Number of protein chains: 2
Amino acid sequence: MTVAAPPAAATSPAGLAEYERSCEGHPGGPEAGRMIREVLDRVGDKWSLLVVATLGDDVMRFSDLLRHIPGISQRMLTLTLRQLERDGLVIRTAYAEVPPRVEYRLTALGATLIGIAHTIAQWAIANHSTIEQSRAEYDAR
Amino acid sequence: MTVAAPPAAATSPAGLAEYERSCEGHPGGPEAGRMIREVLDRVGDKWSLLVVATLGDDVMRFSDLLRHIPGISQRMLTLTLRQLERDGLVIRTAYAEVPPRVEYRLTALGATLIGIAHTIAQWAIANHSTIEQSRAEYDAR
DNA sequence: CGGAATCCCTTGGGATACTG
DNA sequence: CAGTATCCCAAGGGATTCCG
């Protein structure tokens, strides 16, 4: 499988340094590390990014998500959706019917995360075999 | 703080669907979800991406990394570096001196991760205040 | 159907002490 | 300096049960 070159910066990793300069002098100002930490603490958990990627531009019910995300438990789907809703990444719409129906969709902000999810997926596709091989060699020792 | 528009796909989240189509029919073939899971399980932990971002294109000693990554413990730095080395993302070079000196640098593969780190940091910069606000509103209820 | 609540085991990871 | 080894606590998260 061939994939377009990784998004960017493979040979120009100056972006972070650039950002770090822009943050110097801020009183207690966060550096790139804190930024990465922040977003990782938010969507770097086991399920958040996966829920976002699965949701995509669709509107899905709770049970739809449960089916489309292999391995996730009821509990974790609930918790993850609540957190995403709280962060303004997901909209929850409950219809007063019986049986109840609840629909989820990404907000505009949540949709911007799809780009990140895509970038990550592309990276994985492009490199997982290389990593697998590197592991095998490492473990051989 | 003003930042360039989020990298991509804010309005064209078709990438994942596209990829998913390309994977259909593969015997037990992984979907985008599994790809995301894979890379998240690898560099989505508490420190990996941060070590990569900190390392950048520099060569750093163990103690340098320890100083430049606030909050990381000796133990976690060691474990994280070992894992990154095993995955072929980091090169470890030990010099037979006394006192010992060990240097770390990214491999070419590891350097491709900087793009992801940068993308994530950019996203955080662009959106963290919005998220903060959304949280405050959510919690107010 | 879409949760909330409880139970409980596993993992992550910090603190500390020791070593080549 | 650059680790390794232990201890131990807290959080993560699965399974199950109950509920409106």
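Sequence order sets the numbering: in each chain, residues are counted from 1 along the sequence as written. Chain letters start at A and ligand numbers start at 1, both assigned in the order the entries are written. In view of the model being predicted, local features appear only for residues whose pLDDT reaches at least 70, and side-chain atom pairs are presented and counted only at 80 or more, with totals across whole chains, interfaces and linings using the full set of residues. Values shown for side chains rest on all heavy atoms present in the structure; no hydrogens or waters enter the calculation.

Caption draft 1: Inspection of the protein's contact with DNA strand D at higher detail. Around DNA strand D, 20 residues are found, and the nearest of them are Lys-46 and Arg-75 of chain A together with Ser-63, Arg-92 and Tyr-104 of chain B. Separating a sugar or linking oxygen of DNA strand D from a backbone N or O atom of Pro-100 of chain B is a distance of 3.3 Å. Nitrogen and oxygen atoms within 3.5 Å of one another constitute a polar contact, given that in protein one can donate a hydrogen and the other can accept it, and given that sequence-neighbouring residues count only through two side-chain atoms. A distance of 2.6 Å separates a phosphate oxygen of DNA strand D from a polar side-chain atom of Tyr-104 of chain B. Here a helix means four or more residues in a row that DSSP labels H or I, a strand means two or more in a row labelled E, and each is numbered from the N terminus. Of all the secondary-structure elements, those providing two or more residues to the surface near DNA strand D are α5 (74-86) of chain A together with α4 (62-68), α5 (74-86) and β3 (101-106) of chain B. With four residues, the top contributor of residues to the surface near DNA strand D is α5 of chain B. Looking at side-chain class alone, the surface near DNA strand D contains eight nonpolar, five polar and seven charged residues. Each residue is tested against the molecule or strand, and it is near if at least one of its non-hydrogen atoms lies within 4 Å. Ten residues, namely Ala, Val, Leu, Ile, Met, Phe, Trp, Tyr, Cys and Pro, are considered nonpolar, four, namely Asp, Glu, Lys and Arg, are considered charged, and the remaining ones, Gly among them, are considered polar.

Caption draft 2: Local environment of helix α6 (residues 108-140) of chain A. What a helix should span is 1.5 Å times the count of its residues minus one. Taking 1.5 Å of rise per residue, the 33 residues of α6 of chain A would be expected to cover 48 Å, and the 47 Å separating its terminal C-alpha atoms lies within 8% of that figure. To obtain the bend at a residue, axes are fitted to the seven residues ending there and to the seven starting there, and the angle between these axes is taken. When the local axis directions of α6 of chain A are compared, the greatest deviation, roughly 50°, occurs at Asn-127 of chain A.

Caption draft 3: Summary view of helix α2 (residues 32-43) of chain A. Residues and elements named next belong to chain A. Taking 1.5 Å per residue as the helical rise, α2 with its 12 residues ought to reach 16 Å, and the 16 Å between its terminal C-alpha atoms agrees with that figure. In terms of burial, α2 is a largely internal element, nine of the 12 residues being buried. Among the residues of α2, those classed as buried are Ala-32, Gly-33, Met-35, Ile-36, Arg-37, Val-39, Leu-40, Arg-42 and Val-43. The buried label applies to any residue whose accessible area, calculated with a 1.4 Å probe on protein chains only, is under 20% of its type's maximum; exposed applies above 50%, and partly exposed to all values in between.

Caption draft 4: Highlighting the protein's contact with DNA strand C. Around DNA strand C sit 19 residues in total, of which Ser-63, Arg-92 and Tyr-104 of chain A together with Lys-46 and Arg-75 of chain B are the nearest. Take the atoms of DNA strand C that sit within 4 Å of the protein: sugar and phosphate atoms are 70% of them. Between DNA strand C and the protein, one listed contact pairs a phosphate oxygen with a side-chain N or O atom of Arg-61 of chain A at 2.9 Å. For the surface near DNA strand C, the elements supplying multiple residues, two or more each, are α4 (62-68), α5 and β3 (101-106) of chain A together with α5 of chain B. Of all the elements, α5 of chain A adds the most residues to the surface near DNA strand C, at four residues. Residue composition of the surface near DNA strand C, grouped by class: eight nonpolar, five polar and six charged.

Caption draft 5: Up close: the side chain of Thr-80 of chain B. Residues and elements named next belong to chain B. Counting through the fold element by element, Thr-80 comes out in helix α5. Thr-80 gets classed as buried once you look at its relative accessible area, which sits at 5%. Side-chain polar atoms of Thr-80 contact the backbone oxygen of Met-76, separated by 2.6 Å. Each residue touching Thr-80, except ones within four places of it in the same chain, is listed here: Trp-47, Ser-48 and Val-51. We call two residues contacting when some pair of their heavy atoms lies within 4.5 Å.

Caption draft 6: Quick look at the pattern of salt bridges. Salt bridges are counted wherever a side-chain nitrogen of Lys or Arg sits within 4 Å of a carboxyl oxygen of Asp or Glu. If you walk through the whole model with that rule in mind, you get 15 salt bridges over all chains. Asp-64 of chain A serves as the salt-bridge partner of Arg-67 of chain A, at 2.7 Å between the closest nitrogen and oxygen. With Arg-67 of chain A and Asp-64 of chain A both in helix α4, this residue pair falls three residues apart, about one helical turn. Between Arg-86 of chain A and Asp-139 of chain B there is a salt bridge, with its nearest N and O atoms 2.3 Å apart. Highlighted residues: Arg-86 of chain A in helix α5 and Asp-139 of chain B in helix α6 (residues 108-140), drawn from two different chains. For Arg-86 of chain A, a relative accessible area of 22% corresponds to the partly exposed category.

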